[in-house]
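# Examination of the molecular architecture
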Amino acid sequence: MTTATPRLVAPPSRLLPLAPPLVRAAHAGDAAALEALSRPFVRSGALRERPRSLYAADAADFLVAEGPDGTLDGCLGLRVHRPETGGDRGPTGVLYNFCVAPHRQGRGVGRMLMRAALARATAQSLSALFTATTGGGDLFLRCGFTPAGTCPAPAAWVDSLDPRRNSRILVRAL
């Protein structure tokens, strides 16, 4: 008579690999998914609230990480600002509404979106990218952003920031 030796099974808490998302340009049809993806970050205070109609109107600003099942796993907006004065500095960009679904955090989705945004900014010949964060901004700092004041940032964008949020402005020259 033979007896079976029990085998150890990996605990269910181990993270299973997920297929990498596809990073693509958003379209107006993504507005509901962008709003839903952003909602938990709005509730936490990390993002400002935007209505679905604004996501639809500004869809061309967004890059999205689309999971294998078609759901949006992350997003990042890039708005171009034309030079405000006749100086030699070219157009600049502002990164905004950066979020990654909780189940995809720590899996490189944010870095994929950041790389795509940097490539888009370079292709558009932007001279610098700005962002405002209420958090630590670790990914931005790892990607070459540094703390900046409001002076070099696009004035219209700086004026739109809510001073009650106490955001820190970061910049990266391109």
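Summarised in this report is the structure supplied together with it. (Residues numbered from 1 in each chain as written. Predicted model: local features only at pLDDT ≥ 70, side-chain atom pairs only at ≥ 80, totals over all residues. Heavy atoms only, no water.)

### Focus: the pattern of salt bridges
- Taken as a whole and judged by the stated rule, the model has 8 salt bridges.
- Asp-162 is the partner of Arg-164 in a salt bridge, and the nearest nitrogen-oxygen pair spans 3.0 Å.
- In this structure Arg-164 comes out as exposed when scored by relative accessible area, which is 73%.
- Owing to a relative accessible area of 23%, Asp-162 belongs among the partly exposed residues under this scheme.
- One connected set of salt bridges, linked through shared partners, spans Arg-24, Asp-30 and Glu-66. (Salt bridge = Lys/Arg side-chain N within 4 Å of Asp/Glu carboxyl O. Buried < 20%, exposed > 50% of the residue type's maximum accessible area, 1.4 Å probe, protein only.)

### Concerning the side chain of Asp-61
- If you trace the backbone, Asp-61 turns up in the loop between helix 2 (52-57) and strand 2 (62-66).
- A polar contact of 2.8 Å, which involves the side chain of Asp-61, links it to the side chain of Arg-79. (Helix = DSSP H or I, 4+ residues; strand = E, 2+ residues; numbered from the N terminus. Polar contact = N/O pair within 3.5 Å; in protein donor to acceptor, adjacent residues only side chain to side chain.)

### Points about the state of the cysteines
- The tally for this structure, following the rule as stated, stands at 0 disulfides.
- The structure places no disulfide on Cys-75, whose sulfur is separated from the nearest cysteine sulfur, that of Cys-99, by 3.5 Å. (Disulfide = S-S within 2.5 Å.)

### Overview of the packing of aromatic side chains
- Enumeration according to the criterion identifies 5 aromatic pairs in this entry.
- On the numbers, 5.6 Å between centres and 75 degrees between planes, the contact of Phe-98 with Phe-140 is edge-to-face. On the criterion of sequence distance, the pair formed by Phe-98 in strand 4 (residues 92-100) and Phe-140 in helix 4 (residues 138-142) is long-range, its members being 42 residues apart. Across this residue pair, the class does not change: Phe-98 and Phe-140 are buried. (Phe/Tyr/Trp six-rings, centres within 6.5 Å; stacked < 30°, edge-to-face > 60°.)

### Structural notes on helix 1 (residues 31-44)
- An ideal rise of 1.5 Å per residue puts 20 Å on 14 residues; helix 1 measures up with 20 Å between its terminal C-alpha atoms.
- Buried residues of helix 1: Ala-31, Leu-34, Glu-35, Leu-37, Ser-38 and Phe-41, and no others.
- Looking at the packing, one finds that the buried side of helix 1 touches helix 2, strand 2, strand 3 (72-81) and strand 4.
- A positive backbone phi angle near 90 degrees is found at Gly-45, which sits one or two residues after helix 1. (Expected span 1.5 Å × (residues − 1). Contact = heavy atoms within 4.5 Å.)

### Topic: the nonpolar core
- Of all hydrophobic cores here, the largest spans 20 residues; its most connected members are Leu-95, Phe-98, Leu-113, Met-114, Leu-129, Phe-140 and Phe-145.
- Only strand 2, strand 3, strand 4, helix 3 (109-123) and helix 4 provide two or more residues apiece to this core.
- Ignoring any residue separated from it by four or fewer positions in sequence, one finds Met-114 in contact with Leu-76, Leu-95, Phe-98, Leu-139, Phe-140, Cys-143 and Phe-145.
- Counting 14 residues, the second-largest nonpolar core is a separate cluster that includes Ala-26, Phe-41, Tyr-55 and Ala-101. (Core = buried A, V, L, I, M, F, W, Y, C linked by side-chain atoms within 4.5 Å.)

### Here's the deal with the sheet that holds strand 2
- A sheet is described by the order of its strands in space; here 7 strands give the open sequence 1-2-3-4-5-7-6, paired in mixed fashion. Pairing within the sheet leaves two strands with one partner each, and these edge strands are strand 1 (22-25) and strand 6 (146-147).
- Sheet topology places strand 3 next to strand 4; 7 bridges connect them, and they run antiparallel. If you follow Leu-78 over to strand 4, its bridge partner there is Leu-95. (Pairing = 2+ DSSP bridges.)

### A closer look at the side chain of Asn-97
- Examined against the element boundaries, Asn-97 turns out to sit in strand 4.
- Side chain to side chain, Asn-97 and Arg-50 meet in a polar contact 2.9 Å long.
- Setting aside residues up to four positions removed in sequence, Asn-97 forms contacts with Ser-38, Leu-47, Arg-50, Tyr-55, Phe-62, Cys-75, Leu-76 and Gly-77.

### Some remarks on the layout of surface pockets
- Within this model, the largest pocket holds a volume of roughly 970 Å³.
- What lines the largest pocket is a set of 42 residues, and nearest its centre among them are Ala-46, Leu-47, Phe-98, Ala-132 and Phe-140.
- Put simply, the parts of the chain that give the lining of the largest pocket at least two residues each are strand 3, strand 4, helix 3, strand 5 (128-133), helix 4 and helix 5 (155-160).
- Per element, the largest residue contribution to the lining of the largest pocket is 7 residues, and it comes from strand 4.
- Tallied by class, residues from the lining of the largest pocket come to 18 nonpolar, 14 polar and 10 charged. (1 Å grid on protein atoms, 1.4 Å probe; cavity = no way out; pocket = protein on both sides within 12 Å on 5 of 7 lines; lining within 4 Å. Points joined across faces, edges and corners; volume = space filled by probe spheres on them. Nonpolar A, V, L, I, M, F, W, Y, C, P; charged D, E, K, R; others polar.)

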